[in-house]
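Take a look at the letters that make up each chain.
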Amino acid sequence: MTTPIVQASKVVKTFGAGRTLVRAVDGVSLEVNAGEMVTITGPSGSGKTTLVSMLGALLRPTQGAIVIDGIDIASLSEAGLSALRARTVGFVFQSFNLLESLTVRENILFPAHLAPGGMPAAAPHADDLLERLGLGKRSKALPRTLSGGEKQRVAIARALINKPKLIIADEPTGNLDSKSGQEVLMILHDIARDQGRAILLVTHDRRVEEVADRILWLEDGTLRDRKQESHDWTNDPVCNMRIDSWASLIFSDHEGVRYNFCSDKCRDRFTADPSKYLRETQLAEQSEERKP
Amino acid sequence: MFRWTFSELFAAPQQLLASVAAVAGAFALVLFFEGVFAGESGQIVALIDKTEADVWVMQKGVGNMHMTTSFVADWKIDAIKDVEGVKKVTPILYLNSVIEAGGRNWLSFIVGLEAGDTRAGPWELASGAAIPGPGEAILPDVIAADTGLAIGDTVRIAGREFTVAGFSSDTFSMANSITFVTMEDLGDTMSSIGSVSYLLVDAKPGVDAHALAGRIMDQVEKVNALTRQEFSDRDFSIAVQMGLEIVWMMTLIGSALAVLLTGFIVYSHVSDRERELAVMKALGVRDWAIYLSIMTQALVIGLLAFGLAVAVVLLAIPLTDAFAPKISLGLTVDALIRTGAMAVIVSLLASIIPVRRVLSVDPVTAFQQ
Amino acid sequence: MLYLTLRNSLARPARSILTILAVAAILAEILILEGFLAGSYAQLRQTVLHRGGDVIVSQAGVSNFLATRSVLPQQARAEVEAVKGVKASHPLTSLAVIYEKNGRTTPIIVLVYDDAGGPIDIISGREPSGPREIVIDRALAQRYGIGVGDILTLADFDFTISGVSANTAALFTPLAFMNYDSLIDFYFESDVASDIATFPLISFLSVDVENGADPAEVARRIAKQVPSAGAILPHEMASNDVEMGRELLGPILNLLLGISYVIGALAIGMFMFAAVRAQRKSFGVLRALGFNTRHLVTGVLAEAVTTSVLAIPLGILMAVGLAALIEAYAPVYLVLATEPAALWRTGLIAIVLAIVGALAPLQTLRRLDPATAFRG
């Protein structure tokens with residue numbers, strides 16, 4: 001049996017106190033193993049960033065335990081958390097967060113400052129990463145001269161420089177065009193598969209479903225596991241938006257049938273006059289059937 | 001726009017405080033420098049102001065006390081007493097010299113008083129005798145506080161030894177403390193037999209000091225007579241003028257410093273908020289409006305700093321009196337107006353520094369990630 | 001971190017230049033104050049030492065040259081010259097007069113000399129040779145726009161300016177030089193002395209000792225044999241005057257220096273605060289990457305110290321420029337802005353101020369949330 005790289009048990013994170021108390025993460029448990037690529041998805045404000053901040057040792061939970069590479073982060077000081085991150089976790093951010101004044105190669109090498117042997121020892125690894133990620137010719141360029149895809153590849157190389165066991169990527173394709181986004185996802189997938197690193201991905205990008213080992217759905221601070229193939233596509237009867245009924249939380253039952261909605265507004269319109277929307281749906285379905 | 005100007009300025013209160021304090025420091029430096037000269041100059045005329053004689057009579061051609069020697073033959077005392085409107089004439093001998101007290105050297109006005117005279121003597125006594133006897137001296141209390149000098153100790157005045165008989169208050173300044181001895185003792189060291197230095201003339205009630213001074217000059221040969229105000233003004237102005245150029249230089253240096261500091265603050269505000277400025281431009285706000293907002297920020301910083309500097313100096317006046325009595329600080333209206341004007345000019349100059357940066361903000365960047 | 005700091009500074013050139021300029025201006029201001037103090041002491045020293053001689057004889061008990069009154073009886077000169085080891089003595093008389101023109105008054109110290117003790121640095125014209133001739137310090141010449149050949153009226157007595165000298169001012173007061181022929185005329189014809197008996201004819205004697213004689217020994221002999229006189233070595237008298245200057249200017253200048261140090265610490269603190277604010281996102285990323293507060297503080301410290309180190313030479317250059325400006329416009333003040341001791345002290349202070357200033361944003365760094373890296 002493999003030891004998980006990250007293990008979260010009944011993790012709760014609250015902000016504020018009294019009437020302003022917010023439970024950003026509420027009783028989440030999860031394990032991510034080496035070589036596994038796990039995606040966390042969910043609507044905006046569902047607590048994804050808070051959860052990965054804790055899983056990446058950036059935040060301590062209010063309750064519950066998070067164990068990263070065998071170390072309970074609750075027992076660590078601020079400096080201890082920093083050291084754990086430097087050693088074990090690599091980050092890839094949506095907005096790249098490259099150090100603008102440093103060249104591509106310097107950016108990649110920078111975290112090696114914290115590794116044993118420092119930057120000189122990591123230099124061959126950096127050059128290897130530059131080649132592998134197709135950045136060999138851009139090694140002396142400054143971030144502002146790079147395309148979005150190139151920036152994200154630099155960020156991935158930087159995340160890998162200290163050979164971390166866990167990589168946390170927050171919307172890594174969020175600022176990229178479709179081709180670059182696909183490229184980045186495949187790189188991350190290969191890293192998990194070929195190098196045996198655990199990858200925790202926060203994304204809305206549907207394409208990730210093709211490469212992820214597991215997809216977790218986070219909503220209102222709680223996590224639900226979901227198989228990649230377990231979609232149940234349906235349409236919002238009001239606006240006709242495609243909705244995964246498996247994940248949807250806005251629904252209304254009418255005459256023994258459950259209808260899913262994209263928003264409360266659509267649900268309210270539907271409940272005010274269900275027959276209007278059901279008729280339209282039927283008409284649409286009939287016209288769909290009549291097509292050869 | 002102005003709402004943005006102020007909320008942006010106060011967004012980082014600690015940074016604003018450090019900024020305002022640093023600029024205030026530059027203004028305070030100028031005010032202190034001026035203040036020291038004003039304080040010293042005020043102290044230089046303390047004897048003239050505090051003894052409150054109506055008219056001062058001195059040797060013809062002399063119009064000052066500071067860095068001057070005046071000799072008036074003693075027979076002229078009676079001649080002045082005979083002038084109409086004169087109530088009392090008090091002669092003093094006066095020497096500007098170095099005294100050795102408490103193991104240190106001090107520049108001092110040494111005033112020789114007629115035996116038993118209280119008219120020109122110390123106006124406020126700290127301890128001991130008010131009137132010096134033969135071989136005795138009354139020194140400023142600040143010297144006692146500073147060196148541990150005590151009544152009964154020996155001091156050297158113009159090469160002669162004197163015994164400290166008392167300490168007076170409000171008689172110390174760096175450039176000119178006031179030491180009182182007897183006229184006879186001072187006359188010996190000055191070899192000025194038959195002469196006095198200045199005559200303090202008190203007028204009879206209702207007599208105009210100016211007219212009396214005129215009458216004295218008409219009736220007594222080879223003397224100059226000035227009202228207390230004229231005499232005090234002349235000595236004050238000579239002392240101030242000695243520091244005029246250096247005060248201007250320090251004002252210049254302090255202003256340059258303040259321009260750089262304020263400039264830095266507004267520059268960093270602009271460069272930190274480039275994206276917001278881009279959004280504003282995208283929304284149609286004109287360059288001049290943004291620029292006006294920057295200028296307002298600079299003005300607010302300049303005026304807050306000026307206010308703080310004035311407060312610091314006002315606070316420093318009693319504090320230096322209590323803890324550094326050797327330093328006399330003064331704050332003149334003139335210095336306030338000049339530094340206030342300087343604060344405004346500094347702000348306007350400083351707001352020029354980020355102009356290029358404001359103009360170069362591209363509204364298109366508002367749409368970029 | 002130092003490398004990142006340097007690269008960050010280079011990436012924001014305008015801000016970095018502005019910061020270095022401002023720190024340099026503060027250092028220049030400190031150096032000017034230090035230079036003003038050092039210059040004032042140097043002026044006091046040179047005023048005595050430029051008079052020449054191996055021993056200075058003054059009125060018994062008087063051991064200062066400036067801002068004091070010394071009167072020697074006329075026969076003292078003969079008595080001094082009779083002392084064993086004395087080769088020659090040269091009389092000097094010092095009198096303070098007020099010069100007034102166009103509503104502006106300036107006190108002047110007039111030094112009367114015979115065959116030694118005159119101005120040693122005449123920048124235009126020549127020494128006074130006849131009666132009614134006077135050499136004035138260039139500060140006076142500049143303040144009133146007067147020069148060689150012009151008339152200088154003191155106490156209703158007209159002198160012709162025969163020369164303008166440099167390095168002849170002390171205690172914010174310009175010196176002027178005349179010979180004894182002029183002094184006698186001045187006493188008799190002007191209002192300066194109402195009674196000739198009250199005015200000093202000789203204040204000091206500058207004494208040359210015979211070859212091989214020990215000046216200190218000769219001074220002791222003079223003091224013993226001439227009861228009306230005291231004798232002192234020139235450098236001792238110079239030190240006494242410097243000491244007096246120190247009492248006069250030290251506390252004030254030290255107060256102003258203290259304020260300058262506070263300004264320096266505040267300004268550098270403000271720069272570092274602004275630098276940290278501007279780089280908050282980068283610092284957040286660094287924190288996320290595993291760099292701890294100590295690393296970040298080291299970076300800020302490195303930036304502050306680098307700024308100060310770069311500002312030091314610039315500050316010295318500014319101070320030299322300002323000192324030259326002061327010398328050009330107000331030569332009554334001497335500003336020695338490059339005294340090695342002051343330079344070392346100011347350099348050291350610049351580093352200390354940088355360290356103190358770098359602590360200003362400590363709290364911000366400590367509170368920096370690494371999770372900010374996730375925000376877009």
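Residues numbered from 1 in each chain as written. Chains lettered and ligands numbered in written order. Predicted model: local features only at pLDDT ≥ 70, side-chain atom pairs only at ≥ 80, totals over all residues. Heavy atoms only, no water.

### Brief notes about a positive patch on the surface
Residues and elements named next belong to chain A.
Then step 1. Together, Lys-265, Arg-269, Lys-276 and Arg-279 make up a region of like positive charge exposed at the surface.
Then step 2. Elements supplying a minimum of two residues to the positive patch: helix H7 (264-272) and helix H8 (274-290).
Then step 3. Note on placement: Lys-276 falls in helix H8.
Then step 4. Residue classification places Lys-276 among the partly exposed positions, given a relative accessible area of 34%. (Patch = residues over 30% accessible without salt bridge, like charges linked within 9 Å, V, L, I, M, F, W, Y side chains within 5 Å. Areas by Shrake-Rupley, 256 points an atom, 1.4 Å probe, with all protein chains shown as cover. Salt bridge = Lys/Arg side-chain N within 4 Å of Asp/Glu carboxyl O. Lys, Arg positive; Asp, Glu negative; His and termini not counted. Charge placed at Lys NZ, Arg CZ, Asp CG, Glu CD. Helix = DSSP H or I, 4+ residues; strand = E, 2+ residues; numbered from the N terminus. Buried < 20%, exposed > 50% of the residue type's maximum accessible area, 1.4 Å probe, protein only.)

### Focus: the interface of chain B and chain C
Interface size, as often reported, equals the accessible area lost upon joining of the parts.
Then step 1. Taken together, the contact pairs 68 residues of chain B with 68 residues of chain C.
Then step 2. Taken over both partners, the interface formed by chain B and chain C buries close to 6200 Å², and the fraction arising from carbon and sulfur atoms is 67%.
Then step 3. When the buried area of chain B at its contact with chain C is split by residue, Met67(B), Met242(B) and Phe264(B) rank highest and sum to 11% of it.
Then step 4. Put simply, chain B and chain C have three salt bridges between them.
Then step 5. Across the pair Arg104(B) and Glu247(C) runs a salt bridge whose closest N-O atoms are separated by 2.3 Å.
Then step 6. In this structure, the connection of chain B to chain C is made through five residue pairs in polar contact (both at pLDDT 80 or more).
Then step 7. Those elements that provide at least two residues to the side of chain B that touches chain C are helix H2 (13-44), strand S3 (86-101), strand S4 (104-113), helix H6 (183-190), helix H8 (228-242) and helix H9 (244-272) of chain B.
Then step 8. At 17 residues, the largest contribution of residues to the side of chain B that touches chain C is made by H9(B).
Then step 9. Grouping the constituent residues of the side of chain B that touches chain C by class yields 36 nonpolar, 23 polar and nine charged. (Contact = heavy atoms within 4.5 Å. Buried area = accessible area lost by both parts, 1.4 Å probe. Polar contact = N/O pair within 3.5 Å; in protein donor to acceptor, adjacent residues only side chain to side chain. Nonpolar A, V, L, I, M, F, W, Y, C, P; charged D, E, K, R; others polar.)

### Side note on the sheet that holds strand S1 (residues 6-15) of chain A
All names here are of chain A.
Then step 1. The strand order across the open sheet formed by four strands is S2-S1-S4-S5, and the pairing between neighbours is antiparallel. Each edge of the open sheet is held by one strand with a lone partner, namely strand S2 (22-32) and strand S5 (71-72).
Then step 2. As defined by bridge partners, S1 adjoins strand S4 (residues 63-68) across five bridges and the pair is classed as antiparallel. Directly across from Ser-9, in S4, lies its bridge partner Ala-65. (Pairing = 2+ DSSP bridges.)

### Remarks on the pairing of strand S14 (residues 257-260) of chain A
Residues and elements named next belong to chain A.
Then step 1. Strand direction decides the pairing type here: strand S13 (residues 251-254) and S14, joined by four bridges, are antiparallel. Within S14, the residue paired with Asp-253 across the bridge is Arg-258.
Then step 2. Between S13 and the antiparallel strand that follows it, S14, lie two residues; Glu-255 among them carries a positive phi value of about 50°.

### A word on the domain arrangement of chain B
Residues and elements named next belong to chain B.
Then step 1. We note that the domain assignment places domain 1 (2-43 + 243-367) and domain 2 (61-221) within chain B.
Then step 2. Here the C-alpha centre of domain 2 lies 47 Å away from the C-alpha centre of domain 1.
Then step 3. Summing the contributions of domain 1 and of domain 2, the shared interface buries around 660 Å²; its carbon and sulfur component is 55%.
Then step 4. The three residues of domain 1 that bury the most area against domain 2 are Glu-40, Gln-43 and Lys-326, which together make up 82% of that side's buried surface.
Then step 5. On inspection of domain 1 and its partner domain 2, the count reaches zero salt bridges.
Then step 6. Put simply, domain 1 and domain 2 have two residue pairs in polar contact (both at pLDDT 80 or more) between them. (Domains from an automatic or database assignment.)

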